[in-house]
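# Chains, contacts and geometry: an overview
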Amino acid sequence: MKNSGFMKVFKFSYEQALKSKSTKILMIILIVVALVFLPAKTLITNGFGDEEEEIVQIESVYVKTDNENLYNSITEVVLDNLETKAEFVRTSDEEYDSVIEKLESEDSNELYLDVKFDEDETSQNFGLSYKIVYGNGEKAKEMASSLESVLAECSKDIVISYYGISKEVAETLVPTEFETAVFDLDGNEVIDDSGLNDAEYWFTYGVIMVLIIMVSFIGSMAADGIVAEKANRVIEYIMITLKPMDLILGKVLSGMATLFTMLGSVLVAFIASTFINKAIDPNAENVIQMVKGFVEDGTLKGANIVNVLLVILIIFAGSYFYAILGALSGGMVSKVEEMAEGLKIYMIVFLIGAYAAMFMAMSANTAGSGWGAISYLVYMLPMSSMFIIPSYLLIGKVSALIALAALIVVALCGILLTMLAAKIFGQMLYHNGSPLKLKDIVSMTKEGKKNEK
Amino acid sequence: MSLEVKNLVKKYGEKTVVNDLSFSIKEPGVYALLGTNGAGKTTTLRMILGMLANDGGEVLWNGKKLDPTSVNVGYLAEERGLYPKFTLMDQLLYFASLKNVPKKTAKERIKYWAEKLEVEEYLYPKPVVKGKKAKEHTADQLSKGNQQKIQLMAALISDPELIVLDEPLSGLDPVNTDLFKGIIRELIASKKYLIMSSHQMPTIEEFCKDITILKRGNIVLQGDLNEIKKSYGRVNLIVKCEEDIEDVITSMNMEVVNKTPDGYHIKVTGEEMSGAFLKKLLENGKTVIKFELREPSLHEIFVEKAGEPDEE
């Protein structure tokens, strides 16, 4: 392995990439940005006396239930968990219209909560379900969302309080999920079952953005590596002892290694910056607290060893897929200045993949997933899976099975591209002239088959 | 050791660029592959080196298929190339590693060839400020001639048994041409097998015993250069007299190829004709300063063979 051709190409290309001035400058810039971004933001915002985030103030909650004990349990538990004080008023069906009238006013800080409770022990979720009705405006919607979150988190405690049982017993008896429906004044149910909450959205978007930056570097690095060999005319010399696959694999893997080295350094700098930030502002979170927070608030509910491993593998396989596509694109041209033309196919594939993932995350945040079968296409396409699967798997939006299927697809596509490269790369490397077109690649493939025979 | 090229064929679509080419090198020395631009020389060399797949025939080294990954081959390509931004030492060590040359041996050989080719100052730069590490040279800091020397070093760094030189002297000034010729002589003396392609016919005549002339992929002439020349006979006559000899030439219906300050270059059928011409000159009272009868040069043979219209 150590003496194989591709390892020699890999070692030399990787060393030279790290030695190059442009890599060093880029790395220093990225590390400095990652290192100072959070502390600088804290210093600037503290300096300007940034106002604290406004907490939604719920004034009154009209609770409709026939069960007084349940009403008391809800009042007690919810009041303990709401961020602000609120008045709980028990109401009935007869008063519904007058309550709705109150909610209709623009500056209303009130909500209507209809609690259904079926004490039949065979009922699902112990028969506990909620219906929240909110008034006009964004503020009312936010209040409903806030109450919904508290009810979702505390319903177990409500049942414990209602029955007067211990937490240990409750763990074995009480189901963990309770149905909470949120309605607007027109009676339309606001469905948010498959969408992303804010934390999930930002996490997904952050991961997609990092992966997009990574892929855009990987493709151009691999293409640059190949076209430089051709443009510098070293290709004829090195191809006496190297097979085309040695060169392509060496270049692709060294490009990936260079990028992972850069990202690793940036990650270390970012981790350090969170600790510096914490030292400047005690209220800030360091990276351990951030991850802990993500896990505790349920954002990273899919983060287990198997899923993390799948995420690493899919990022690696996706990067390889894009890198080999970039290398093939580099092989299509003979001069560095023709690179843009050579990278056309690569850019189309990359843009389709990245935009599909971005639109999916965007629409999931604004209107629930709503993509139906198309979402499976985005998960499975080799050009988009590496962008969307890692974050969706960690936040629990897709199952490990879907991620595994996506991994198999992207890995197979990478292997197929490698096989194609093996067939045509020999001829592509000696091509010296105008950029190759897709039809040239097809005829080279046929030629390659003929030579094999 | 021997190299045998048997019935080599290369086609691009319907076009045959090398057609049934065969030759062999049984002894150390330089074999010349000649032809006009586009005759198929570089394609042939690439097929010999296994860089291009052939559509027919085979290349044997010691009776076995030549595999450049197992046979120690050195190659100076026509399209010279170096990594412009990498240091010279880094890239020479990389090229050596591709040929499985241990780093220590590679460094020794780099030192040896750097001295021979007079490029030590670029490979072992001295510090400008005493005590400070000298800045290593990159390829783009070198002149074209010096880059060519580094490329020759790369070709020879593995101490190859078979050396392929594609236009080794093109673009060199007379001083560096002599330097390169000295290296070629040293390689011949150390019993290496060389294949050389060149458009500089005097250089070929200086080094090569056997030649093949290609024209559009086909062999138009092949064999021992001396034998080829002998087969043409002494048909080139150069005559210089104090007086004008135009009248004698016309009276004998002789073909003047060229008229230079050196004299008249005349085509003759052989020694008999030239003897008769000399007699006539003397009879006409001409004072002969130069009378040289010689075989045709390789240049003339090449122009005749590679330049004549296709037989179609």
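Sequence positions are assigned chain by chain, starting from 1 and proceeding in written order. Chains and ligands are labelled by the order in which they are written, letters from A for the one and numbers from 1 for the other. Side-chain atom pairs in this predicted model are given and counted only at pLDDT of 80 or more, local residue features only at pLDDT of at least 70, and totals for whole chains, interfaces and linings cover all residues. Each side-chain value is derived from all of the structure's non-hydrogen atoms; neither hydrogens nor water enter the calculation.

Time to look at the overall build of chain B. Along its length, chain B carries 11 helices and 14 strands. When a residue's accessible area, from a 1.4 Å probe over protein chains only, is under 20% of the maximum for its type it is buried; when over 50% it is exposed; and in between it is partly exposed. Burial analysis of chain B (312 residues in total) assigns 49% to the buried set. The Shrake-Rupley method, run with a 1.4 Å probe, gives the accessible areas here. Residue values count only the displayed protein chains as cover. Carbon and sulfur atoms provide 49% of the accessible area of chain B, an area that totals close to 15,500 Å². Note on conventions: DSSP H or I runs of at least 4 residues are helices, E runs of at least 2 residues are strands, and numbering of each starts at the N terminus.

Each helix and strand counted, chain A has 17 helices and 5 strands in total. Classification of the 453 residues of chain A by burial places 47% in the buried group. Note on contacts: a residue pair is in contact if any heavy atoms of the two residues lie within 4.5 Å. Sequence-distant contacts, at least 24 apart, represent 76% of the contacts inside chain A between residues at least 6 apart.

This brings us to the sheet that holds strand S10 (residues 218–224) of chain B. Residues and elements named next belong to chain B. Read across the sheet, 6 strands follow the order S6-S7-S8-S3-S9-S10 without closing on themselves; strand pairing throughout is mixed. A single partner strand is all that each edge strand has here, and the edge strands are strand S6 (73–76) and S10. Pairwise comparison of adjacent strand axes, ignoring direction, gives a mean angle of 15° for this sheet. Where S6 lies against strand S7 (residues 162–166), 4 bridges are found, and the strand directions are parallel. Bridge pairing links Tyr-75 to Val-164 in S7. Lines fitted to the C-alpha atoms define the axes, with helices restricted to the stretch that makes contact. Angles between their N-to-C directions range from 0 to 180 degrees. Lying over the sheet, helix H5 (residues 144–156) contacts S6 and S7, oriented at roughly 165° with respect to S6. The strands that helix H11 (residues 298–307) touches are strand S3 (29–35), strand S9 (208–215) and S10; relative to S9, the one it contacts most, it runs at about 25°. Whether two strands pair depends on DSSP finding at least two bridges between them.

Attention now goes to the confidence of the model for chain A. Across chain A, pLDDT averages 81, with 82% of residues at or above 70. Per residue, pLDDT measures the predictor's confidence, with a range of 0 to 100. Across chain A, the element-wise mean pLDDT spans from 64 in helix H17 (residues 438–452) of chain A up to 92 in helix H1 (residues 5–19) of chain A.

Salt bridges are defined as contacts in which a side-chain nitrogen from Lys or Arg sits within 4 Å of a carboxyl oxygen from Asp or Glu. Enumeration over the complete set of coordinates arrives at 20 salt bridges over all chains. In this structure, the salt-bridge partner of A:Lys19 is B:Asp90, at a minimum N-O distance of 2.6 Å. Of this pair, A:Lys19 sits in helix H1 while B:Asp90 is found in helix H2 (residues 88–98), placing the two residues in two different chains. Residue B:Asp90 is classed as buried on the basis of its relative accessible area of 17%. For A:Asp114, the salt bridge identified is with A:Lys116, shortest N-O distance 3.1 Å. With relative accessibility at 7%, the residue A:Asp114 sits in the buried group. Where salt bridges share partners, they join B:Asp262, B:Lys290, B:Glu292, B:Arg294 and B:Glu300 into one cluster.

This part takes up the sheet that holds strand S1 (residues 3–12) of chain B. Residues and elements named next belong to chain B. Pairing is antiparallel across the open sheet formed by 4 strands, whose spatial order is S2-S1-S4-S5. The open sheet has two edge strands, strand S2 (15–25) and strand S5 (64–65), and neither has a second partner. Packing of helix H1 (residues 41–48) onto the sheet brings it into contact with S1, S2 and strand S4 (56–61), and relative to S1 it is tilted by some 120°.

A few words now on helix H7 (residues 198–231) of chain A. Multiplying 1.5 Å by the helix residue count minus one yields the expected span of that helix. Taking 1.5 Å as the rise per residue, H7(A) with 34 residues should run 50 Å; its terminal C-alpha atoms sit 48 Å apart, in good agreement. Count one or two residues on from H7(A) and you reach A:Arg233, which has phi positive near 60°.

We now examine the environment of B:Leu278. Residue and element names in this part refer to chain B. As for its position among the elements, Leu-278 is in helix H10 (residues 271–283). The partly exposed category is assigned to Leu-278, whose relative accessible area is 28%. Between the alpha carbons of Leu-278 and Val-248 there is a distance of 9.9 Å; along the sequence they are 30 residues apart. Apart from residues lying up to four places away in sequence, Leu-278 is in contact with Val-288 and Phe-291.

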